[in-house]
Every structure is written in structure tokens, then in C-alpha cells.
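# Remarks on the overall topology
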Protein chains: 2
Amino acid sequence: MTEPAPVFASGVDNERLNAQLRFLLEADKLKRVLRRNLLVDGSRRENSAEHSWHLALSARTFAEYAPEGTDIDRVTEMLVVHDIVEIDAGDTFVFDQVNAETQAERERAAADRLFPLLPEDQAARARELWEEFEAGATPEARFARAVDRLAPMLANWHNEGGTWLRFGVTRTEVMAKVKLISEGSEALGSYATALVDDADRRGYFRN
Amino acid sequence: MTEPAPVFASGVDNERLNAQLRFLLEADKLKRVLRRNLLVDGSRRENSAEHSWHLALSARTFAEYAPEGTDIDRVTEMLVVHDIVEIDAGDTFVFDQVNAETQAERERAAADRLFPLLPEDQAARARELWEEFEAGATPEARFARAVDRLAPMLANWHNEGGTWLRFGVTRTEVMAKVKLISEGSEALGSYATALVDDADRRGYFRN
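Residues numbered from 1 in each chain as written. Chains lettered and ligands numbered in written order. Predicted model: local features only at pLDDT ≥ 70, side-chain atom pairs only at ≥ 80, totals over all residues. Heavy atoms only, no water.

## Things to note about the overall build of chain A
A count of helical and extended segments in chain A gives ten helices and two strands. Put simply, chain A runs from its N terminus to its C terminus through helices and strands in the order α-β-β-α-α-α-α-α-α-α-α-α. Relative to its length of 207 residues, chain A is compact, with a C-alpha radius of gyration of 18 Å against a globular reference of 17 Å. Dimensions of chain A along its principal axes, counting C-alpha atoms only, are 65 × 35 × 30 Å. Counting over 207 residues, chain A shows a buried share of 60%. Long-range contacts, defined as pairs at least 24 residues apart, comprise 63% of the intrachain contacts of chain A with a sequence gap of at least 6. Between the averaged position of the 26 positive side-chain charges in chain A and that of its 37 negative side-chain charges there is a distance of 5 Å. (Helix = DSSP H or I, 4+ residues; strand = E, 2+ residues; numbered from the N terminus. Rg over C-alpha atoms; globule rule 2.2 N^0.38 Å. Buried < 20%, exposed > 50% of the residue type's maximum accessible area, 1.4 Å probe, protein only. Contact = heavy atoms within 4.5 Å. Lys, Arg positive; Asp, Glu negative; His and termini not counted. Charge placed at Lys NZ, Arg CZ, Asp CG, Glu CD.)

Shown next, in the form of C-alpha cells:
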């Protein structure tokens, strides 16, 4: 844990501010959590912080493909906080069935430690957004998840198969993720389907 | 320029979608733009994409320190797009007066190339947000700039002087940035002032 500087700001509730700083200093560690997939240009693995940024940008850019009435500001906020639990739990590769079994438990423990660094009202809000994302029961959460699922597909296509080829993923396994994209956005689901068809023709999946 | 996959998604305006994809694939390059400052843990230099994510998170966490009526959703959106011009223009160190002279011109050229990758309506929106940030004439832009200025100060304090010591920055130069923070948020300005006082006592500035 990185403690905030021992300074006193005048005219501010310093206890509250220090809780916020403690959370933000800890959140900085998300920049060191590596995902399996590469950047689009293939130069290195992506980290979860820069991934979260690109998702926020993607959600806004693709806003018109969300079901009518979807609150894109809430989607953005959700995407900004949704990966913070990976600071403790690490990134779980989307096709890793062994670690997927313990993922929920590890992420819950991470949420229990990380969000309460914030003042109570803000901790509750962050937790709520993360749980909403995980449950995928609202249009906002389903759209956020669609954008999150599409991103590594784009990176894989542009890396000539990327993690699909490297870790021997089948078309059937990928199509299960495409289904989740379609649940959040018909248009993005349609695009993901076309992308997977093309990737299949190019031999990017394990037979 | 990375071209989107040559695929056709049914039920979608593919020309429009491809323009959006072209922009998002290009935006991915922000992950490779390095800033001068280190991560809070000092392990490596920060890139502009992960920096933008941390700013979005900080703006929401510090929302209560923005002047009443500030639209934090707009601040968040602004912070998500504000550094994209660095893909072409590079990051200009905040105390680099030589490159600061050409910075505005380089960034304008970058904006002229990058935002029009998007469909026209979205390009106009992104350009407007970037120009609003640069002009700093609205409460949203001033608050976004305050959060952006505070971030490297935190990183420097936690790296025992960081870029201040490394590049021989004086207290007077840093106080000019603190003034900008105060213009966006009285509370964050007060905190930045206390932080600089403490950094000065620790010998983190050039005399």
C-alpha cells in the first residue's frame, strides 16, 4: 500500500481526501497488470489500464450501436472501474477454464480490499458499478461487456490470429463470446460474426 | 494507418463502422506514447493511454472538488480524448519550453489528421472536446486540466522528486502549474500547494 504524502491541505476534509488518494495511488498498479493479448500493432502485451482507456473511447465511439436509451455515461464510468479488481486478482484469460473457476472468488476478495479504500459513499458506488458489469443484467452492463469482448478480437485479427492461434482457441469457443457481444449490441455482434468468419477462412483458429 | 478487416457486417452501415474502426485502431497507438514521468511505483515511464485512464478515474473520484454544476461526464469524455493528438505530436514535457513553442502547431496538425478518421459528426464532437480542453475556458476544461496537472505531481512526490529533480525544475516553475490547478479546483489547488511545500522541504526542486 502506498500512503499519500503526509501533508495538510487547508479548507479540505483531509481524511476524506487521503482516502481518495490512497485509492488512486493503489489504482495506479492496474498499469502493471498484463493481459494475454497484444497491442493492435503487435509490439507488446497490453496492460489493463490502457485497455480500460481504449474501452471507454470505444464505448463512446460505438454509442449508436447500444440499444436505445442506454446511458453511455454510465457505460463509460463502468468501463473505467471494471478491471480494478485485477490489481489483486490478475487478468484471467477469457479462454482459461482452469483459472475461470477461481476467478469470481479472487475478484470478490480484490473488490473487498480495493473499493473500501475510498470513502464509504464512493466505495459503494464503485462496487455497484463493478457488480453491475459482472452481472450483465442491465443494457449498460451488456453493452460494456460487448465492447470489452470485441476489443481482443480486433487485436487478434490484426495480429494474424494472436492469442487464438497462440493458445489454440477453436471457432466454437470464440463464437460463445460473439454471442455475448450480440446480447449487448446487435450491430457489434454482427460485426464480430463477420470478423470470426474471416478469421476462420484465414486459419486463425484451432480445428 | 491500420485498415480495418475487409469484412461486411449485415444490417450495419459498413462505411460508417469502418471509419469508427479506423479511428479506434489508430487511437491504439496512444499506448506507445511515453511521458516523462514514471508510474507511482517508479518501475517505468507512463504512457499516455494509461495516463488518460487514470485521469478519468481521478476526475470521477475528485468530482466533489469541481465547482458546483460542473458536468463530470463531460470532463470524463474530455479526458478520454484529450491526449489522442500525442499519437502524432508526441508528449511535450510540461517544463520543456523549447518544444512548447511548436507544441500547439504540432498538435493542431495531429488533430487535423486524427479526428477526421471518424464519421463527420463524431469528428466534430471529438475536435470540440479537445479544443475545449486546450482553451480551458469552461469549468469542465479547467477541472480536467487541474486533474491532468496534479497527476505528475503525485507521481513525482512518490518517486522522491522524479522528473522535478531529474530535469532540474524549480519550485517557481511548479508553482505556475499549481496556479492552473487552483483555477480548476480550489481544493485540489490547496492540496497541490501543500504537496509542493513538502516536496520543497525534502529538496525535490532545483534551487
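Resuming the write-up.
## Topic: the packing of helix α3 (residues 72–81) of chain B against helix α6 (residues 120–135) of chain B
Residues and elements named next belong to chain B. The geometry of α3 relative to α6 is characterised by a closest axis approach of 9 Å and an angle of 95 degrees between their N-to-C directions. The orientation of α3 with respect to α6, classified from their angle, is roughly perpendicular. Here R74, E77, M78, L79 and V81 of α3 lie close against α6, whose contacting residues are R125, A126, E128, L129, W130, E132 and F133. (Axes fitted to C-alpha atoms, helices over the stretch in contact; angles between N-to-C directions. Parallel < 35°, antiparallel > 145°, perpendicular 65-115°, else oblique.)

## Overview of the environment of P67 of chain A
Relative to the elements of secondary structure, P67 of chain A occurs in the loop between α2 (48–61) and α3 (72–81). In the structure, P67 of chain A is positioned 119 residues away from E186 of chain A in sequence and 8.3 Å away in space, judged by C-alpha atoms.

## Points about the relation of the copies chain B and chain A
If you rotate chain B by 180 degrees and push it 0.0 Å along the axis, it lands on chain A with an RMSD of 0.0 Å. What the superposition gives is, in effect, a two-fold axis relating one chain to the other. (Least-squares fit on C-alpha atoms with pLDDT ≥ 70 in both.)

## Notes on the interface of chain B and chain A
Counting from both sides, the interface comprises 60 residues of chain B and, opposite them, 60 residues of chain A. Summing both partners gives a buried area of about 5300 Å² for chain B against chain A, and 67% of it is carried by carbon and sulfur. When the buried area of chain B at its contact with chain A is split by residue, K31, W53 and Y191 of chain B rank highest and sum to 14% of it. In this assembly, chain B and chain A are joined by eight salt bridges. One salt bridge connects R16 of chain A with E64 of chain B, and the closest N-O pair in it is separated by 2.6 Å. At the boundary of chain B and chain A, one finds 30 residue pairs in polar contact (both at pLDDT 80 or more). For the side of chain B that touches chain A, the secondary structure elements donating two or more residues are α1 (14–27), β2 (45–47), α2 (48–61), α3, α7 (139–158) and α10 (186–201) of chain B. (Buried area = accessible area lost by both parts, 1.4 Å probe. Salt bridge = Lys/Arg side-chain N within 4 Å of Asp/Glu carboxyl O. Polar contact = N/O pair within 3.5 Å; in protein donor to acceptor, adjacent residues only side chain to side chain.)

## Some words on the UniProt feature "domain: HD/PDEase" (unreviewed entry) in chain A
Using the residue numbers shown here, the UniProt feature "domain: HD/PDEase" (unreviewed entry) corresponds to residues 44–162 of chain A. Annotated as residues 44–162 of chain A, this span is 70% helix and 3% strand, and its ends, taken at the C-alpha atoms, are 11 Å apart. (UniProt positions renumbered as here; feature names shortened; annotations may be inferred.)

## Digging into the pattern of salt bridges
Applying the stated criterion to the full structure yields 50 salt bridges over all chains. One salt bridge connects R44 of chain B with E50 of chain B, and the closest N-O pair in it is separated by 2.7 Å. R44 of chain B sits in the partly exposed class, given a relative accessible area of 30%. Here the salt bridges do not stand alone but share partners, grouping D28 and K31 of chain A together with R35, E46 and D91 of chain B into one network.

## Here's the deal with unusual backbone geometry
Positioned with a positive phi, E160 of chain A is a non-glycine residue whose angle comes to about 50 degrees. Here E160 of chain A lies in the loop between α7 (139–158) and α8 (162–166).

## Looking at α10 of chain B
Spanning 16 residues, α10 of chain B covers 23 Å between terminal C-alpha atoms, matching the ideal 22 Å at 1.5 Å per step. Looking at α10 of chain B, one finds that the buried residues are A187, L188, G189, S190, Y191, A192, A194, L195, V196, D198 and A199 of chain B. Those residues of α10 of chain B hidden inside the fold are in contact with α1 (14–27) of chain A together with α7, α8 (162–166) and α9 (171–184) of chain B. Just downstream of α10 of chain B, G203 of chain B is the residue with a positive phi angle, here 80 degrees. (Expected span 1.5 Å × (residues − 1).)

## Let's talk about the side chain of T76 of chain B
With respect to the helices and strands, the residue T76 of chain B is situated in helix α3. Accessibility expressed as a relative area gives 1% for T76 of chain B, which makes it buried. Not counting residues up to four positions away in its chain, the partners in contact with T76 of chain B are T76 of chain A together with A56 and R60 of chain B.

## A few points about the confidence of the model for chain A
Per-residue pLDDT for chain A averages 96, and the proportion of residues at 70 or more is 100%. Among the scores for the predicted complex, ipTM is 0.97 and pTM is 0.97. (pLDDT = per-residue confidence, 0-100.)

## So, the pairing of strand β1 (residues 34–38) of chain A
Put simply, side chains in a regular strand alternate between the two faces of the sheet. Residues and elements named next belong to chain A. Of the strand pairs in this sheet, β1 and strand β2 (residues 45–47) are connected by two bridges, and their pairing is antiparallel. Across the sheet, residue L38 finds its bridge partner in β2, namely R45. The antiparallel pairing of β1 with β2 creates a hairpin that spans six residues between the two strands, and G42 there sits at a positive phi of about 75 degrees. (Pairing = 2+ DSSP bridges.)

## Describing the packing of aromatic side chains
Tallying each qualifying case throughout the model produces ten aromatic pairs over all chains. Three or more aromatic residues link up through ring pairs in this structure, and these residues are F93, F95 and F167 of chain A. Sitting over the face of the ring of F133 of chain A, R145 of chain A holds its NZ or CZ atom 5.7 Å from the ring centroid. Just above the ring of F167 of chain B sits the side chain of R36 of chain B; from NZ or CZ to the centre is 4.5 Å. (Phe/Tyr/Trp six-rings, centres within 6.5 Å; stacked < 30°, edge-to-face > 60°. Lys NZ or Arg CZ within 6 Å of the ring centre and 35° of its normal.)

## Considerations on the side chain of N159 of chain B
Residue and element names in this part refer to chain B. Here N159 lies in the loop between α7 and α8. We classify N159 as buried; its relative accessible area is 19%. Among the polar contacts listed, one links the side chain of N159 to the backbone oxygen of A155, at a separation of 2.8 Å. When neighbours within four sequence positions are excluded, N159 is seen to be in contact with L38, L39, V40, D41 and G42.

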